[in-house]
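# Breakdown of the fold
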Amino acid sequence: GYFSETQVKPSPKETKRQLCLSLSLSISVSSLHSLSLYPMDAHVAQLQMQYRNYILSLYQQGFLDDQFTELKSLQDDGTPDFVAEVLSLFFDDCVKLVGNMARALDQTGTVDFSQVGANVHQLKGSSSSVGAKRVKGLCINFKELCEAKNYEGCVRCLQQVDIEYKTLKAKLQDMFNLEKQIVQAGGIVPQVDIN
Amino acid sequence: MATKSMGDIEKIKKKLNVLIVDDDPLNLIIHEKIIKAIGGISQTANNGEEAVIIHRDGGSSFDLILMDKEMPERDGVSTTKKLREMEVKSMIVGVTSLADNEEERRAFMEAGLNHCLAKPLTKDKIIPLIN
């Protein structure tokens, strides 16, 4: 039993009082659970962990490289939108240059591969400047195809470049949305060490 | 008459004055930010011809000129040669693409560069040159 033979047993009144106390305590705890009160700090920590994992996955999957890390390091309290502004310029460049390449490859008659190549060179430079690793890699292949005057290869590569920059844009938008959620939840966007 | 203390003199550090010559707006923004991050101030020129005009008209003096190689109107090689003919004494650092071959890089250096760096530029690439 709960009590030893030698202990003094509580009176029935005391037992009833203790039972009521423990019952009211368990009701209070269950009320808290039913209200789903979730500490604010835990929510921010969860978002920050989600953010860290997302950033790491972008590097691991080859979407970004060290140059993106450099861009992030240049952002400060005085220019909190620096990375967003740079990326906006980059994606504007992508639209313009992919359009130029598509028009150059759409010529009936002789295709001016040097013109295509010049646009590829520019996109390679831009993608390198912002750390868009996959886009840069595609541009390197694309340049070789232009030099070889491989029309079908160029058309295929252009399609891949188009898909790749749009994919990156969507993923970076998700990244910025996560940053916004963290700030709105009262947290700080964490620095992510990718090494 | 009050004299400046050593502490005051130390505080009056001349900021690194940089001219960034590049036709790519994206590169101009990034390179300006890099220069600011290392404690410098910068002015930009969209091509080599603008860089020459800045030196001809303003009598400007820069500690460092970051010179892109491929630019319309006047490219980096021609601009560097011209600035050296104008007796510009600034450190001129060429910024090249990885696609440039050894011969192209050599021709750029021989135009009058002090150093050559490959894109993309980072703080870590520039700091050793100015130190």
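Residues numbered from 1 in each chain as written. Chains lettered and ligands numbered in written order. Predicted model: local features only at pLDDT ≥ 70, side-chain atom pairs only at ≥ 80, totals over all residues. Heavy atoms only, no water.

Named according to an unreviewed UniProt entry, chain B is Response regulatory domain-containing protein originating from Brassica rapa subsp. trilocularis.

An unreviewed UniProt entry lists chain A under the name Histidine-containing phosphotransfer protein, with Brassica rapa subsp. trilocularis as the source organism. Per UniProt, chain A carries the Function (unreviewed entry) text "Functions as a two-component phosphorelay mediators between cytokinin sensor histidine kinases and response regulators (B-type ARRs). Plays an important role in propagating cytokinin signal transduction." (UniProt positions renumbered as here; feature names shortened; annotations may be inferred.)

### Comments concerning the state of the cysteines
All names here are of chain A. Throughout the structure, instances matching the rule amount to zero disulfides over all chains. Not part of a disulfide, Cys146 finds its nearest cysteine sulfur in Cys154, a span of 3.9 Å. For Cys146, a relative accessible area of 6% corresponds to the buried category. Residue Cys154 is classed as buried on the basis of its relative accessible area, which comes to 0%. (Disulfide = S-S within 2.5 Å. Buried < 20%, exposed > 50% of the residue type's maximum accessible area, 1.4 Å probe, protein only.)

### Observations regarding the interface of chain B and chain A
Facing 15 residues of chain B, the contacting portion of chain A comprises 19 residues. Interface area lost by chain B to chain A is led by Leu26, Ile30 and Lys33 of chain B, which between them contribute 39%. On inspection of chain B and its partner chain A, the count reaches two salt bridges. The tally of links between chain B and chain A comes to seven residue pairs in polar contact (both at pLDDT 80 or more). No other element matches helix α2 (residues 25–37) of chain B, which puts seven residues into the side of chain B that touches chain A. Split into classes, the residues belonging to the side of chain B that touches chain A amount to eight nonpolar, three polar and four charged. (Contact = heavy atoms within 4.5 Å. Buried area = accessible area lost by both parts, 1.4 Å probe. Salt bridge = Lys/Arg side-chain N within 4 Å of Asp/Glu carboxyl O. Polar contact = N/O pair within 3.5 Å; in protein donor to acceptor, adjacent residues only side chain to side chain. Helix = DSSP H or I, 4+ residues; strand = E, 2+ residues; numbered from the N terminus. Nonpolar A, V, L, I, M, F, W, Y, C, P; charged D, E, K, R; others polar.)

### Side note on the side chain of Glu164 of chain A
All names here are of chain A. Within the secondary structure layout, Glu164 lies in helix α7 (residues 151–184). Residue classification places Glu164 among the buried positions, given a relative accessible area of 14%. A polar contact is formed between the side chain of Glu164 and the side chain of Arg134, at a distance of 3.5 Å.

### Here's the deal with the UniProt feature "domain: HPt" (unreviewed entry) in chain A
In this structure's numbering, the residues bearing the UniProt feature "domain: HPt" (unreviewed entry) are residues 79–186 of chain A. Within residues 79–186 of chain A, the helical portion is 84% and the strand portion 0%, while the C-alpha atoms at the span's ends are 20 Å from each other.

### Some words on the pattern of salt bridges
Per the counting criterion, the structure on display carries nine salt bridges over all chains. Taking the shortest distance from any N to any O, the salt bridge between Asp76 of chain A and Lys33 of chain B comes out at 3.3 Å. With Asp76 of chain A in the loop between α3 (66–74) and α4 (82–105) and Lys33 of chain B in helix α2, this pair bridges two chains. The class of Asp76 of chain A is partly exposed, set by a relative accessible area of 35%. Relative accessible area serves as the criterion here: at 9%, Lys33 of chain B is assigned to the buried category. In this structure, Glu49 of chain B engages Arg74 of chain B in a salt bridge whose closest nitrogen and oxygen atoms are separated by 2.9 Å. Of this pair, Glu49 of chain B sits in helix α3 (residues 48–58) while Arg74 of chain B sits in the loop between β3 (64–68) and α4 (76–85), and the two are 25 residues apart along the sequence. Exposure remark for Glu49 of chain B: the relative accessible area of 22% places this residue in the partly exposed category.

### Digging into the side chain of Ser97 of chain B
With respect to the helices and strands, the residue Ser97 of chain B is situated in the loop between β4 (91–96) and α5 (102–110). For Ser97 of chain B, a relative accessible area of 12% gives the class buried. Setting aside its immediate chain neighbours within four residues, Ser97 of chain B contacts His121 and Lys124 of chain A together with Arg105 of chain B.

### Section: the packing of helix α5 (residues 113–130) of chain A against helix α6 (residues 133–147) of chain A
Helices that pack against each other are described as a pair by the angle of their axes relative to one another and the distance between those axes. Residues and elements named next belong to chain A. Contact pair α5 / α6: the axes reach a minimum separation of 9 Å and the direction vectors enclose 160 degrees. The orientation of α5 relative to α6 falls into the category roughly antiparallel. The handedness of the crossing between α5 and α6 is left-handed. Note on element contacts: α6 touches α5 through Val135, Lys136, Cys139, Ile140, Phe142, Lys143 and Cys146, opposite Phe113, Val116, Gly117, Val120, His121, Leu123, Lys124, Ser127 and Ser128. Classifying every residue of the contact of α5 with α6 by side-chain character gives nine nonpolar, four polar and three charged. (Axes fitted to C-alpha atoms, helices over the stretch in contact; angles between N-to-C directions. Parallel < 35°, antiparallel > 145°, perpendicular 65-115°, else oblique. Left-handed = near helix turned anticlockwise from the far one by under 90°.)

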